[in-house]
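Reading the structure
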Amino acid sequence: MDRILEILWELHPDVDFETAGHLIDDGILDSFDIVTIASEVDLDYGVTIPAEALTPENFNSARAIYALVERLVKE
């Protein structure tokens, strides 16, 4: 989880990602941010986020992103 938070803070250091729960819905993360996050996840965790997983539900919070990564690592 710590690395996910680091990635997010690198993109938007002014956001409290530990409590934010509507990152997509509130317009905090945009499509370029999602691409960056997906790329960093691939580099750091060795998993590729498939296109069908690029949904608001999977990126609306740091916890949701982390849960997605955990699922992908287990596959």
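To start, this report covers the structure provided alongside it. (Residues numbered from 1 in each chain as written. Predicted model: local features only at pLDDT ≥ 70, side-chain atom pairs only at ≥ 80, totals over all residues. Heavy atoms only, no water.)

Okay, the packing of helix 1 (residues 2–11) against helix 2 (residues 31–45) next. Two elements in contact, helix 1 and helix 2, have axes separated by 11 Å at closest approach and are oriented at 145°. Relative to helix 2, the crossing made by helix 1 is right-handed. Side by side, helix 1 and helix 2 meet where Arg 3, Ile 4, Ile 7, Leu 8 and Leu 11 of the first sit next to Asp 33, Thr 36, Ile 37, Glu 40, Val 41, Asp 44 and Tyr 45 of the second. The residue inventory of the contact of helix 1 with helix 2, partitioned by class, reads seven nonpolar, one polar and four charged. (Axes fitted to C-alpha atoms, helices over the stretch in contact; angles between N-to-C directions. Helix = DSSP H or I, 4+ residues; strand = E, 2+ residues; numbered from the N terminus. Left-handed = near helix turned anticlockwise from the far one by under 90°. Contact = heavy atoms within 4.5 Å. Nonpolar A, V, L, I, M, F, W, Y, C, P; charged D, E, K, R; others polar.)

On to the pattern of salt bridges, then. Going through the model one piece at a time under the given rule, you end up with four salt bridges. Note that Arg 3 and Glu 40 form a salt bridge whose closest N and O atoms lie 3.1 Å from each other. Of the two residues, Arg 3 is situated in helix 1 and Glu 40 in helix 2; the sequence distance between them amounts to 37 residues. Across the salt bridge formed by Arg 3 and Asp 44, the nearest N and O atoms sit 2.4 Å from each other. With Arg 3 in helix 1 and Asp 44 in helix 2, the pair connects residues that are 41 residues apart, well separated along the chain. Its relative accessible area of 22% is what places Arg 3 among the partly exposed residues. The class for Asp 44 is partly exposed, based on a relative accessible area of 36%. Sharing partners across several salt bridges, the network here consists of Arg 3, Glu 6, Glu 10, Glu 40 and Asp 44. (Salt bridge = Lys/Arg side-chain N within 4 Å of Asp/Glu carboxyl O. Buried < 20%, exposed > 50% of the residue type's maximum accessible area, 1.4 Å probe, protein only.)

Just geometry here; none of it tells us what the structure is for.
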